[in-house]
Amino acid sequence: MTDLTKLSLADASKGLKAKSFTATELTGAYLKAIEAANPSLNAYVAVTPEQALDMAKASDEKLVQGQGGALEGIPVGIKDLFGTKGVHTQAASHILDGFKPEYESTVTSNLWRDGAVMLGKLNMDEFAMGSSNETSYYGPVVSPFRAEGSNAGLVPGGSSGGSAAAVSAWLCAGATATDTGGSIRQPAALTGTVGMKPTYGRCSRWGVVAFASSLDQAGPIARTVEDAALLMTSMSGFDPKDSTSVDIAVPDFAAAVERGVKGLTIGVPREYRMDGMPGEIEKLWSQGLEWLKAEGAVVKDISLPHTKYALPAYYIVAPAEASSNLARYDGVKYGLRVSGKDITDMYELTRAAGFGREVKRRIMIGTYVLSAGYFDAYYVKAQKVRTLIKKDFEDAFNAGVDAILTPATPSTAFGIGDETLAADPVAMYMQDVFTVTVNMAGLPGIAVPAGKDAKGLPLGLQLIGKPFDEETLFAAGRVIEKAAGGDFAPKQWW
Amino acid sequence: MSVDAATVKRIGRLARIRIEEGEVEGYRNELNAILGFVEQLGEVNVDGVEPMTSVTPMSLRRRDDVISDGGYPEKIVSNAPLTEDNFFMVPKVIE
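Residues numbered from 1 in each chain as written. Chains lettered and ligands numbered in written order. Predicted model: local features only at pLDDT ≥ 70, side-chain atom pairs only at ≥ 80, totals over all residues.

A word on the overall build of chain B
Within chain B, the regular secondary structure consists of three helices and two strands. Order of helices (α) and strands (β) in chain B, N terminus to C terminus: α-α-α-β-β. Radius of gyration (C-alpha) of chain B: 22 Å, far over the 12 Å computed for a compact globule of 95 residues. C-alpha atoms of chain B, sized along the principal axes, occupy 55 × 45 × 25 Å. Taken across its 95 residues, chain B has 17% of its residues classed as buried. (Helix = DSSP H or I, 4+ residues; strand = E, 2+ residues; numbered from the N terminus. Rg over C-alpha atoms; globule rule 2.2 N^0.38 Å. Buried ≥ 20, exposed ≤ 12 C-beta atoms within 10 Å, placed from the backbone.)

Observations concerning the overall build of chain A
The secondary structure content of chain A amounts to 17 helices and eleven strands. Here chain A has a C-alpha radius of gyration of 21 Å; the compact-globule value for 494 residues is 23 Å, and the two agree. Referenced to the eigenvectors of the C-alpha coordinate spread, the extents of chain A come out at roughly 65 × 55 × 50 Å. Residue burial in chain A is summarised as follows: out of 494 residues, 62% are buried. Of the contacts formed within chain A by residues at least 6 apart in sequence, a portion of 76% connects residues at least 24 apart. (Contact = placed C-beta atoms within 7 Å.)

A look at the sheet that holds strand 1 (residues 44–47) of chain A
Residue and element names in this part refer to chain A. Strand order across the open sheet formed by eleven strands is 1-3-2-4-6-5-10-11-9-7-8, with mixed pairing between neighbours. Each of the sheet's edge strands pairs with one partner strand only, and the pair in question is strand 1 and strand 8 (298–302). Adjacent strand axes in the sheet meet at a mean angle of 30 degrees, parallel and antiparallel pairs treated alike. In this sheet, strand 8 lies alongside strand 7 (residues 265–269) in parallel orientation, the contact comprising five bridges. Bridge assignment links Ile266 to a residue of strand 8, and that residue is Val299. (Pairing = 2+ DSSP bridges. Axes fitted to C-alpha atoms, helices over the stretch in contact; angles between N-to-C directions.)

Overview of the environment of Val438 of chain A
All names here are of chain A. You can see Val438 is positioned in helix 16 (residues 436–441). The class of Val438 is buried, set by 30 C-beta atoms lying within 10 Å. When the C-alpha atoms of Val438 and Val141 are compared, they prove to be 26 Å apart, with 297 residues separating the residues in sequence. When sequence neighbours within four positions are dropped, the list of residues in contact with Val438 reads Lys197, Leu443, Gly445 and Ile464.

Comments concerning the interface of chain B and chain A
How big an interface is tends to be stated in terms of the accessible area lost upon association of its parts. Tallying the contact residues gives 38 residues for chain B and 52 residues for chain A. Contributions of two or more residues to the side of chain B that touches chain A are made by helix 1 (5–14) and helix 2 (24–38) of chain B. Looking at which element gives the most residues to the side of chain B that touches chain A, the answer is helix 2 of chain B, with seven residues. Within the side of chain B that touches chain A, the residues separate by chemical class into 27 nonpolar, five polar and six charged. (Nonpolar A, V, L, I, M, F, W, Y, C, P; charged D, E, K, R; others polar.)

Digging into the packing of helix 12 (residues 357–370) of chain A against helix 2 of chain B
Their axes nearest at 11 Å, the elements helix 12 of chain A and helix 2 of chain B cross at an angle of 60 degrees. For the element pair helix 12 of chain A / helix 2 of chain B, the angle class is oblique. By crossing handedness, the relation of helix 12 of chain A to helix 2 of chain B is classed as right-handed. Residue-level inspection shows Arg361, Met364, Ile365 and Tyr368 of chain A of helix 12 of chain A in contact with helix 2 of chain B, the latter providing Tyr27, Glu30, Leu31 and Ile34 of chain B. Partitioned by chemical class, the residues of the contact of helix 12 of chain A with helix 2 of chain B number six nonpolar, no polar and two charged. (Parallel < 35°, antiparallel > 145°, perpendicular 65-115°, else oblique. Left-handed = near helix turned anticlockwise from the far one by under 90°.)

Some thoughts on helix 1 of chain B
It helps to recall that an α-helix has 3.6 residues per turn; residues three or four apart then point in one direction. Buried within helix 1 of chain B are the following residues: Val8, Ile11 and Gly12 of chain B. Projection of helix 1 of chain B onto a plane perpendicular to its axis shows the buried side chains occupying an angular sector of 100 degrees, all on one side. If you follow the buried residues of helix 1 of chain B, they end up packed against helix 12 of chain A together with helix 2 of chain B. Just downstream of helix 1 of chain B lies Arg16 of chain B, where phi reads positive at about 55 degrees. (Arc of directions from axis to C-beta.)

Details of the environment of Gly153 of chain A
Relative to the elements of secondary structure, Gly153 of chain A occurs in the loop between strand 3 (117–122) and helix 5 (161–168). In this structure, the C-alpha to C-alpha distance between Gly153 of chain A and Leu41 of chain A, residues 112 residues apart in sequence, is 9.5 Å.

A look at the confidence of the model for chain B
Considering every residue of chain B, the mean pLDDT works out to 94; 99% of them sit at 70 or more. For this predicted complex, the interface confidence comes out at an ipTM of 0.96, alongside a pTM of 0.97. (pLDDT = per-residue confidence, 0-100.)

Re the packing of helix 2 (residues 23–41) of chain A against helix 3 (residues 49–64) of chain A
Residues and elements named next belong to chain A. The geometry of helix 2 relative to helix 3 is characterised by a closest axis approach of 8 Å and an angle of 155 degrees between their N-to-C directions. Taken together, helix 2 and helix 3 sit at an angle that is classed as roughly antiparallel. Here the hand of the crossing between helix 2 and helix 3 comes out right-handed. Contacts from Ala23, Thr24, Thr27 and Leu31 in helix 2 reach Pro49, Ala52, Leu53, Ala56, Lys57, Ser59, Asp60 and Leu63 in helix 3. Split into classes, the residues belonging to the contact of helix 2 with helix 3 amount to seven nonpolar, three polar and two charged.

Section: unusual backbone geometry
Note that the residue after Gly158 of chain A, namely Ser159 of chain A, is joined by a cis bond; omega there is 10 degrees. Mapped onto the elements, Ser159 of chain A comes out in the loop between strand 3 and helix 5. Of note in this structure, Arg16 of chain B is not a glycine but carries a positive phi near 55 degrees. For Arg16 of chain B, the position within the fold is in the loop between helix 1 and helix 2. The phi torsion at Asp85 of chain B lies on the positive side, around 50 degrees, for a residue other than glycine. On the secondary structure map, Asp85 of chain B appears in the loop between strand 1 (83–84) and strand 2 (87–88).

Here we look at helix 9 (residues 279–294) of chain A
Residues and elements named next belong to chain A. With 16 residues, helix 9 should cover 22 Å at 1.5 Å per step; its first-to-last C-alpha distance of 23 Å lies within 8% of that length. Buried within helix 9 we find Ile281, Leu284, Trp285, Gly288, Trp291 and Leu292. Buried residues along helix 9 cover an arc of 120 degrees about the axis, so they all sit on one side. Away from its buried face, by an angle of more than 90 degrees, helix 9 presents the exposed residues Gly279, Lys283, Ser286, Glu290 and Ala294. The inward-facing, buried residues of helix 9 contact strand 7, strand 8, strand 9 (403–407), strand 10 (445–452), strand 11 (458–465) and helix 17 (470–484). Looking one or two residues beyond helix 9, the residue adopting positive phi is Gly296, at roughly 100 degrees. (Expected span 1.5 Å × (residues − 1).)

Considerations on the environment of Gly260 of chain A
All names here are of chain A. Tracing the backbone shows Gly260 in the loop between helix 8 (253–256) and strand 7. Overall, Gly260 belongs to the partly exposed group, with 16 C-beta atoms counted inside 10 Å. Taking the C-alpha atoms as reference, Gly260 lies 8.5 Å from Thr472; in sequence the two are 212 residues apart. Gly260 has contacts with Glu295, Gly296, Ala475 and Val479, leaving out every residue within four places of it along the chain.

Listed below in structure tokens is the structure:
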């Protein structure tokens, strides 16, 4: 029998419906793959085999009668940030030790409604703060990719590094992820997978552990554009329980995938051509534009003048919101508690022991910029800059641009424990330089694998769309995926 | 703007995170690196620009002020480190 884990989500779904194999067989194949790979890759922080097989059995009962939802019997991995009832939900943090929610997040509820099967919870940077998956309390995720001729461990990117590594290494058919500054698109780009960050408000935030509420958005990571579209259709939708959820119809995103780009205008922002950009990334970007032109798109130079201010503004807004959201971890309601001589002592000791260094650093920055005397100079100023960043995009779209093409990341994957990055927090923050603008403006963005560097490591391109026009991004992403030729599978070493 | 050791300790107290004496210098350097990085926002002219309050053009949705959920205190406290009779237990706060 063919290796079921190697099938795309779309093909697995066809195979299940045609009764070529059962959901139990497919789930069993993934559980076996996880068991073999996880000691090397550390992509899952919790595997739920019994629950997975129960869900698969329920799917088989429907499938045998020719029934079932759009994702019936499809095994998926869930980022540890999503609340899953009765199952490990710790945002890969020590402070949430033992937390098993009494509720299910809306996004995962939507997936189960459509028949998906949960394999387990995926590793991530602690509270989604990081670009390398090294801040996890459960240790770093190791990328399934290695540089040619080297056995050194590389990062899968972050914060959704477990999601990206698991999808790339065939440890799930697709995964949920979240993106606050690039946490879906950057790991997707570094692992040769497809990652879609939807428009803010498209996917409910209800039941997802909050990092920076005005920026957080859930989305899928998958092996193909079509697979990402199938997951996204299920994950999306209005939710009265999230006050920023937008009440707008969810299209069948998969139906848009083969729509093509004929007649579309693709913007090329000159501000993304940064000093010191590696030649191979610049070359890939030009190649991407040629591919889109060859399929009938028109390419147009545009300017997004406030681009360089997006990252500094982000490092005010996101920590400010995080310092507020993470105030709830106090040793009283859930998770870790370290006793002290009085209640303040208990709070301080619990939070000192429970949060990792990067999380503490961001809470402290956030506390500082929100403190008396600094609020206007930092937070209000950053929110004004954010208005200007959004206006840059609006001007481009009003001038007839349908989507914008940029590189996804400033480099390919780097080594685990990179000393230059460890010594300078700002250097690591630069990983999000091309993605963070999209969160600041609430727009949709997709990362699609498009090429490889000289060492055989994947490189991605990013497409940025108009609010709620993810369909155009899936269509244009598919054109790039097709043109790039599609061999972005890692060489199995684990 | 940059922070000194006393400010690092003050932020730690505000954030309810214990900063040990030996950690102060490390945090001071890291916070100053980040504050130095965000300083470039000073170049941007924001005269007459409204601060963003909602990234999507929508007003906050409201619902009727009625009880729509609840009645399960045992679930609310089920993850707490210390409880008694469905109450969260904390160290004594009133003398």
